[in-house]
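One letter stands for each residue in the lines below.
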Amino acid sequence: MNARQEVWITGVGLITCLGEGLDANWQHLARGDPPAYDDKSFVPYVVHPLAPVNFDKQIPKKSDQRQMEPWQRIGVYAAGLALGDAGIVGKPELLDTTDMIVAAGGGERDIAVDTAILAEARKRRDTGSFLNERLMNDLRPTLFLAQLPNLLAGNISIVHGVVGSSRTFLGEESAGVDAVRIAHARIAAGQSELTLVGGAYNGARWDVLLIFEQAGALLKGEFSPIGARGTSGGMALGNMGAFLVLESRQHAERRGARAHARIKTVRSDRAARQPGDIEATLRRQWESIAPEINRERAAVISGASGLEPATSAEHTVLKEIGLPIRNTGTYIGHGVEAQFMANLAIASAAVEQGKLYPAEGPADAGAGPSDLSQVVVTGIANWRGEGLALIERAE
Amino acid sequence: MTAKTRDKLGRPVIAVTGIGIVTSLGVGKAANWSKLTGGVSGIRQISRFPTEGLRTTIAGTVNDVYRDDMSPADLSERVALLAGEEAIAEAAIGPKGHFPGPLFLAPPPLEIEWSDRIKMAEMAPADADPAYPELLRVARNFAANRNAFKFGIIGENLAEKFGTEGSPISLNTACASGASAIQLGMEAIRRGECVAALAIGADASLTPESLVRFSLLSALSTQNDPPERASKPFSKNRDGFVLAEGAAALVLEDFDHAKARGARVLGILEGVGEKSDSFHRTRSSPDGKPIVASMRNALADAGVAPDDVDYINAHGTSTPENDKMEHLGVSAVFGERIRGIPISSNKSMIGHTLTAAGAVEAAFTLLTLQNQRIPPTINHSVPDPAIALDVVPNVARDANVRRALSNSFGFGGQNVCLVLTLEPA
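Numbering of residues starts from 1 in every chain and runs along the sequence as written. To read the labels, note that chains go from A and ligands from 1, taken in the order they are written. It should be noted that, the model being predicted, local features are given only for residues of pLDDT at least 70 and side-chain atom pairs only at 80 or more, the latter also being counted only at that level, while totals for whole chains, interfaces and linings use all residues.

Novice: Would you mind going over the overall build of chain B with me for this structure?
Specialist: Helix and strand labels come from DSSP, where a helix needs a run of H or I of at least four residues and a strand needs a run of E of at least two; each type is numbered from the N terminus. Counting secondary structure elements, chain B contains 12 helices and 15 strands. Scaling as 2.2 N^0.38, a compact globule of 425 residues should have a C-alpha radius of gyration of about 22 Å, and chain B matches this with 21 Å. In terms of principal-axis extent, the alpha carbons of chain B reach across some 75 × 55 × 40 Å. Burial is judged by counting the other C-beta atoms within 10 Å of a residue's own C-beta: 20 or more makes it buried, 12 or fewer makes it exposed, and any count in between marks it as partly exposed, with every C-beta position built from the backbone. Residues counted as buried form 61% of the 425 residues belonging to chain B. Only the C-alpha atoms count toward the radius of gyration. The rule for a globule is 2.2 Å times the residue count to the power 0.38.

The structure is reproduced here in structure tokens:
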């Protein structure tokens, strides 16, 4: 086995409610403009809708767009931004060996069809045969392809030509953390040189709200920042696509690619989630990277969802650690599978800029160092899985 | 200290020390192997829900495991658990409830079921429109469903029960998922992150909607009568796959670790190859290049040549498209020699177990190597003249099989191939 390779982020693609592209997102945060949210369309729930995006720019064929539902279009768009940023668009010799790991949910439904079937099902006794008939007549064949989790990756292969390999991880926030962990580990060990890793989320949909409402996990009523959402807390689901091109330093230098940042460590764990478990797990993860941290030049970007008790448990430990903290969920909402990648993107902008954006809300802390060079990104999931990454300026 | 065993590329050697299988043929390796080599079909008329109005009314369901009203999530978890328990018991690894390595799971994607959606609609006031906002109002009374439709739930529960280490990874590469789970385990051991890994593919998600979805893509056989004749890979009259349920678990282990603890080595995972296809969402590139590259990558990863392969466990779905493309692909990789290599499809008997298929078929390939006996491709009464392959028609065959290739191809351009062999003599 070769010596461990340094892992660089050489491409970033980010679209959120704040805007399109890493720069637009960073500018919004740096100005301290109010978060963009919608508390009218899905009353009583609060969501962060996607900023206006012209999908034609990254998905030129309308026929391709028609084969996707919004979460896939968002992801394919963000993947295209990342590939463009890394300078590998239209380079088949690179795309041919580019590996891909996508963290995905899926299951986007046809709300009109579901609603019509339910309205009639209540009046029928022969529910079984009625349901068969309606599903056979009403479901669009292409909808199925938009529901398959691996078809975000499939569409990225088709639209952007990434064909080295394609794997899709499932399982909410942990899927995002593990996607980055495996992509990082494979490059570090020489199993891959170039990997596109990312996720996409569309929280502005009734079907996904229904899944989280069953767990009582959603923010209702008025918007408030992370840390100010009361004793049970709640998630304001986001709309986002976040993709990173990870590359071995050697490979990047050979082709003259620039690094936004390097990923030093990615940790992913599974605590049983008994009281105290999150704290113990996060402390252990922190201790494993603490010797590498220069406290004068470091900060934390938290992926806290806003749901309790996970958010408070995480912040108990973050306060002990005592580094400046930002909670991106206040601005971009919670993007579940995509959140960790979105936060790595924002963290890479922070180390490039050498500073944090202004604090917002009671869970943010500290002004941040004047020469920021390391960011600890947390991914403590709303119900399972604890992740942490350390990224630093590539000097 | 003894020298470490390394493969041709200098990496740790991956042994399989435990295997567990559940399919429509039954629960456990023994029951499955005797029926599979006996040419028995597990495909039956669907009894779980009414089939009036459906074009396809048959499936390979796990009737030995299903109990009334089990949801796809419950049933998938149950078959995964049974397969995992069998594999871990055989490997005799780790103290009970503590598997000494990570879990890689290929589960079906989960969704709220129509039965639940209808129950919620019925809880709404009679004069209310049962649209989504109304479902949301009653949803919190569905406390039993708290986490039931989160994609990570099966992995979470299995990690708890088996006591696997770290974050359990759930993955989906469509019909190649089971092979991808094995691949992730192989890579983790090769990186030296762990000495053992548990790879499971499990899918027991037959519902009216899952059936209708594949039906609308014209992917399923509609030759419902008799059910056991419907899946006929590589036949001229093949007309689609038969949706099926099942699970398989493999305990993967660093060869030296297995030997040091005196474990029995059931086989070696010698190589894995993948290549994705950018041609179409459900169809392969007409030139078959990604399929070919996937097989070649697997052989290169194993450090062997096409001439070293004695048997191919085909993806062999029984769709017109797959079997044509797989024939094209193996012909390109193996050349003229392909006519002399037995290639059979387990799906002729157990149907297409979707996200489990790659794991189930890897498990059967290991049993083929162990038993030196090749399961047949049943229902092969009308050969396709365009497919000149030795599909081991209808009857199992004893053969000298040292090394085998197992193919998995899926929607979304997913192609994963495994090279499996016996323990070096």
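More follows now that the structure is in view.
Novice: Whenever I open this one, the overall build of chain A confuses me. Can you help?
Specialist: Along the backbone of chain A there are 15 helices and 12 strands. Rg of the C-alpha trace for chain A: 21 Å, near the compact-globule value of 21 Å for 395 residues, within the 12% margin. Along the longest, intermediate and shortest principal axes, the C-alpha atoms of chain A span 70 × 55 × 40 Å. The buried share among the 395 residues of chain A stands at 62%. Considering only intrachain contacts with a sequence separation of at least 6, the fraction spanning at least 24 residues in chain A is 81%. Here, residues touch in the contact sense if the C-beta positions derived from the backbone fall within 7 Å of one another.

Novice: I keep staring at the packing of helix H5 (residues 111–121) of chain A against helix H3 (residues 114–123) of chain B and nothing clicks. Help me out?
Specialist: Between two packed helices, both the angle of their axes relative to each other and the distance between the axes serve to describe the pair. To get an axis, a line is fitted to the C-alpha atoms, and for a helix only the part in contact is used. The angle between two axes follows their N-to-C directions and goes from 0 to 180 degrees. One can describe the packing of H5(A) onto H3(B) by two numbers: an axis separation of 10 Å at closest approach and a directional angle of 60°. One way to sum up the angle between H5(A) and H3(B) is to call them oblique. For the pair H5(A) and H3(B), the sense of crossing is right-handed. Touching Asp114(A), Leu118(A) and Ala121(A) of H5(A) are Arg117(B), Ile118(B) and Ala121(B), all from H3(B). Only Asp, Glu, Lys and Arg are considered charged in this grouping, and only Ala, Val, Leu, Ile, Met, Phe, Trp, Tyr, Cys and Pro are considered nonpolar; every other residue, Gly among them, is considered polar. Of the residues contributing to the contact of H5(A) with H3(B), the split by class is 4 nonpolar, no polar and 2 charged. Orientation is classified from the angle alone, with under 35 degrees giving roughly parallel, over 145 giving roughly antiparallel, 65 to 115 giving roughly perpendicular, and any other angle giving oblique. Take the far helix as the reference: if the near one is turned anticlockwise from it by less than a right angle, the crossing is left-handed, and if turned clockwise, right-handed.

Novice: How should I be thinking about the environment of Ala30(A) in this particular structure?
Specialist: Residue and element names in this part refer to chain A. Tracing the chain through its elements places Ala30 in helix H1 (residues 22–31). Residue Ala30 is classed as partly exposed on the basis of its 15 C-beta neighbours within 10 Å. Sequence separation between Ala30 and Ala175 is 145 residues; the distance between their C-alpha atoms is 29 Å.

Novice: How should I be thinking about the domain arrangement of chain A in this particular structure?
Specialist: Size of an interface, as often reported, equals the accessible area lost when the parts are brought together. Parsing chain A into structural domains produces domain 1 (7–110 + 142–254), domain 2 (111–141) and domain 3 (264–392). What marks off one domain from the next here is an automatic or database domain assignment. Its C-alpha centre places domain 2 of chain A at a distance of 45 Å from the equivalent point of domain 3 of chain A.

Novice: Just to check I follow, could you spell out unusual backbone geometry for this structure?
Specialist: Keep in mind that most residues, glycine aside, have a negative phi and that most peptide bonds are trans. Residues Val43(A) and Pro44(A) are joined by a peptide bond in cis, for which omega reads 5°. Looking at where Pro44(A) falls in the secondary structure, it is placed in the loop between H1 and strand E3 (47–48). In this model, Asp225(B) is joined to Pro226(B) through a cis peptide bond whose omega is -5°. Not every positive phi belongs to a glycine, and Leu354(B) is a case in point at roughly 50°. As for its position among the elements, Leu354(B) is in the loop between helix H11 (347–350) and helix H12 (357–371).

Novice: Sorry, what's going on with the interface of chain B and chain A here?
Specialist: Contacts between the two partners involve 61 residues from chain B, matched on the other side by 61 residues from chain A. Residue assignment for the side of chain B that touches chain A shows that the elements contributing at least two residues are H3, helix H4 (132–139), helix H5 (153–162), strand E6 (169–172), helix H6 (177–190) and helix H7 (208–216) of chain B. Residue composition of the side of chain B that touches chain A, grouped by class: 27 nonpolar, 16 polar and 18 charged. Paired strands, in this sense, are two strands between which DSSP finds at least two bridges. Two elements, strand E5 (residues 167–170) of chain A and E6(B), share 3 bridges in a ladder whose sense is antiparallel. If you follow Phe169(A) over to E6(B), its bridge partner there is Leu171(B).

Novice: What's the story with helix H10 (residues 206–213) of chain A in this structure? I'm lost.
Specialist: The α-helix advances 3.6 residues per turn, and as a result positions three or four apart in sequence lie on the same side. The element H10(A) is largely enclosed, with a buried count of 6 among its 8 residues. Buried within H10(A) we find Val208(A), Leu209(A), Leu210(A), Ile211(A), Phe212(A) and Glu213(A). Tucked into the core, H10(A) has its buried residues touching strand E7 (237–248) of chain A together with H4 of chain B.

Novice: What should I look at first to understand the pairing of strand E15 (residues 414–421) of chain B in this one?
Specialist: Residue and element names in this part refer to chain B. With 8 of 8 residues buried, E15 lies mostly within the body of the structure. Here E15 shows no split at all, with Gln414, Val416, Leu418 and Leu420 on one side and Asn415, Cys417, Val419 and Thr421 on the other all buried. One ladder, built from 6 bridges, connects strand E9 (residues 267–274) with E15; its direction is antiparallel. Residue Gly273 lies in a different strand from E15, and its bridge partner there is Cys417. Between the antiparallel neighbours strand E14 (residues 403–410) and E15 lie 3 residues, among them Gly412 with a positive phi of about 85°.

Novice: I keep staring at the confidence of the model for chain B and nothing clicks. Help me out?
Specialist: Atom-level detail of predicted coordinates should not be read off regions where pLDDT is low. What pLDDT reports is the predictor's confidence in each residue, on a scale of 0 through 100. Per-residue confidence for chain B gives a mean pLDDT of 95, with 99% of residues at or over 70. Among the scores for the predicted complex, ipTM is 0.97 and pTM is 0.98.

Novice: Explain the environment of His352(B) here, please?
Specialist: Residue and element names in this part refer to chain B. Checked against the element boundaries, His352 lands in the loop between H11 and H12. Residue His352 is classed as buried on the basis of its C-beta count, with 33 C-beta atoms lying within 10 Å. If we skip the residues at most four places from it in the chain, His352 touches Phe241, Val242, Leu243, Ala244, Thr317, Lys347 and Ala357.

Novice: What exactly am I supposed to notice about the packing of helix H2 (residues 72–91) of chain B against H5(B) here?
Specialist: Residue and element names in this part refer to chain B. Running from amino to carboxyl end, H2 crosses H5 at an angle of 35°, the nearest separation of the two axes being 10 Å. Taken as a pair, H2 and H5 cross one another with a handedness that is right-handed. Across the interface between the two elements, Ala73, Ser76, Glu77, Ala80, Leu81, Gly84 and Ile88 from H2 touch Ile153, Ile154, Asn157, Leu158, Lys161 and Phe162 from H5.

Novice: When you look at the pairing of strand E8 (residues 246–254) of chain B in this model, what are you seeing that I'm missing?
Specialist: Residue and element names in this part refer to chain B. Among the 9 residues of E8, 9 are classified as buried, and the element is accordingly described as predominantly covered. Residues Gly246, Ala248, Leu250, Leu252 and Asp254 line one face of E8 and the alternating positions Ala247, Ala249, Val251 and Glu253 line the opposite face, and both faces are buried. Judged from the 9 bridges that link them, strand E1 (residues 14–23) and E8 form a sheet pairing that is antiparallel. Within E8, the residue paired with Thr23 across the bridge is Gly246. Alignment of strand E7 (residues 196–203) against E8, held across 8 bridges, turns out to be antiparallel. Following the sheet pairing, Ala199 is matched in E8 by Leu250.

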